[in-house]
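# Notes for the structure review
One letter stands for each residue in the lines below.
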Amino acid sequence: MCIRDRYMGRDCVRSSDMTVCSNSCQDMLKGIDKTAVKSCVQDSFEGSNHFKVDNKLLKKERDLFEDYTISSWPTVVINKMNYQGEMDALSIVQVICSTLESPPAVCDVAEREAIEQKYGYVNPDTTFPVYWLILLVVVITLFLGIFFVICRRQIRRSLAQEMDVQLSSTVAQYVKLQDKPNDKKRLVEAHYV
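Computed from a predicted model, the values in this text were never measured in an experiment. (Residues numbered from 1 in each chain as written. Predicted model: local features only at pLDDT ≥ 70, side-chain atom pairs only at ≥ 80, totals over all residues. Heavy atoms only, no water.)

## Focus on the state of the cysteines
- Within the structure shown, the criterion is met by one disulfide.
- Disulfide partner of C97: C107, at an S-S distance of 1.8 Å. Its S-S torsion of approximately -85° makes the covalent link between C97 and C107 left-handed. Of this pair, C97 sits in helix 6 (residues 89-99) while C107 sits in helix 7 (residues 105-119), and the two are ten residues apart along the sequence. Accessibility assignment for this pair places C97 and C107 in one class, buried. (Disulfide = S-S within 2.5 Å. Helix = DSSP H or I, 4+ residues; strand = E, 2+ residues; numbered from the N terminus. Buried < 20%, exposed > 50% of the residue type's maximum accessible area, 1.4 Å probe, protein only.)

## So, helix 5 (residues 56-67)
- For helix 5, which comprises twelve residues, the first-to-last C-alpha distance of 16 Å matches the rise-based estimate of 16 Å (1.5 Å per residue) to within 8%.
- In this structure N55 caps helix 5, since a side-chain oxygen of it lies 2.9 Å from the backbone nitrogen of L57.
- Backbone geometry just after helix 5 places T69 at a positive phi near 45°. (Expected span 1.5 Å × (residues − 1). Polar contact = N/O pair within 3.5 Å; in protein donor to acceptor, adjacent residues only side chain to side chain.)

## What about the side chain of S44?
- With respect to the helices and strands, S44 occurs in helix 4 (residues 34-44).
- With a relative accessible area of 6%, S44 lands in the buried category.
- At a separation of 2.7 Å, a polar atom in the side chain of S44 contacts the main-chain carbonyl oxygen of V41.
- At a separation of 3.0 Å, a polar atom in the side chain of S44 contacts the side chain of N55.
- In this view, S44 contacts D54, N55, K56 and L57; residues no more than four positions away in its chain are not counted. (Contact = heavy atoms within 4.5 Å.)

## A closer look at the packing of aromatic side chains
- Applying the stated rule across the entire model yields one aromatic pair.
- Relative to F147, the ring of F143 lies with its centre 6.5 Å away and its plane at 20°, an arrangement referred to as stacked. Of this pair, F143 and F147 both sit in helix 8 (residues 130-192), separated by four residues, roughly a single helical turn. (Phe/Tyr/Trp six-rings, centres within 6.5 Å; stacked < 30°, edge-to-face > 60°.)

Shown next, in the form of structure tokens:
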């Protein structure tokens, strides 16, 4: 990490001796035991010529990549299957817990945290009981039903009144029409008499 972040594109990439770059990075990081690091590096190779022999640690990683057909990094393998979900700790813990027959208590904590993360804080002591939710739905349904019936009655009354007005108006016009021909007939009779 230190070599990649500090020295990529500089002398370390061009240098044939990576020991210089490794030592400078170890000097920058306080508390590193250089002899332990050197021993670890020496022990990881299968022979003394590091350019001609395999590194056991890297070979083990390469074999795992091939066994699980890993094509990207980071990859999480759970029960010999590549994990294909979100790469956050909570999601991975949830998947691991879902594969266990009797999950430990940490799975309950992870589930609660997932719910809190998705829906906000949920206090199990003050959660809304289901029966209150059902009661609320029933009350709202009754209120809407009563409102519908009242509105329907009001509309019927309004339509009935409007029809009465229109009917009265039509009858009054009809009566006027009936009266007019008789007036003409009387005028004609009065004129000839």
